[in-house]
Amino acid sequence: MINQDHITNAVELIINTRDFCGNEMEAIQDYCADEGIRDWHSLWKIANFRANAQWNSYQAQAGVHAKYRM
């Protein structure tokens, strides 16, 4: 089972990486390697889903038309 703190950290990492147009999956793999998490793909799926929701919220707050949101 994946720790909630790791999910929260991974969501923040994805958002920050996305903001700088980096490789989100690679960032999660590096994070998991640093934290000793073997199942990086499960963490990626959970965190990416939550990060997308948060990112869409940011876009809506910024006034991006729904047609252009992720």
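Anything mentioned here points back to the structure above.
Colleague: Any chance you could explain the overall build of the chain here in plain terms?
Modeller: A count of helices and strands for the chain gives 3 helices and 0 strands. When the helices and strands of the chain are listed from N to C terminus, the series reads α-α-α. The buried share among the 70 residues of the chain stands at 30%. Across the chain, every contact between residues at least 6 apart in sequence was considered, and the portion connecting residues at least 24 apart equals 53%. Carbon together with sulfur atoms contributes 51% to the accessible area of the chain, which is approximately 4900 Å² in total. Side chains of the chain carry 6 positive and 9 negative charges; the gap between the two charge centres is 13 Å.

Colleague: Any chance you could explain the packing of helix α2 (residues 24–35) against helix α3 (residues 40–61) here in plain terms?
Modeller: Think of two packed helices as two axes; the pair is described by the angle between the axes and how far apart they sit. Direction vectors running N to C along α2 and α3 enclose 125°, while the axes themselves pass 10 Å from each other. Compared by their axis directions, α2 and α3 come out oblique. The way α2 lies across α3 gives a crossing that is right-handed. Along the contact surface, α2 presents Glu24, Met25, Ile28, Gln29, Tyr31 and Cys32, while α3 presents Trp40, Leu43, Trp44 and Asn48. Across the contact of α2 with α3, the residue classes break down as 7 nonpolar, 2 polar and 1 charged.

Colleague: Quick question: what am I supposed to make of the side chain of Thr17 here?
Modeller: Within the element layout of this structure, Thr17 appears in helix α1 (residues 4–19). A relative accessible area of 13% means that Thr17 is categorised as buried. Non-local contacts of Thr17, meaning those with residues more than four positions away in its chain, are made with Gly22, Asn23, Glu24 and Ala27.

Procedures and definitions
Residues numbered from 1 in each chain as written. Predicted model: local features only at pLDDT ≥ 70, side-chain atom pairs only at ≥ 80, totals over all residues. Heavy atoms only, no water. Helix = DSSP H or I, 4+ residues; strand = E, 2+ residues; numbered from the N terminus. Buried < 20%, exposed > 50% of the residue type's maximum accessible area, 1.4 Å probe, protein only. Contact = heavy atoms within 4.5 Å. Areas by Shrake-Rupley, 256 points an atom, 1.4 Å probe, with all protein chains shown as cover. Lys, Arg positive; Asp, Glu negative; His and termini not counted. Charge placed at Lys NZ, Arg CZ, Asp CG, Glu CD. Axes fitted to C-alpha atoms, helices over the stretch in contact; angles between N-to-C directions. Parallel < 35°, antiparallel > 145°, perpendicular 65-115°, else oblique. Left-handed = near helix turned anticlockwise from the far one by under 90°. Nonpolar A, V, L, I, M, F, W, Y, C, P; charged D, E, K, R; others polar.

Keep in mind that these numbers describe shape and distance, not what the molecule does.
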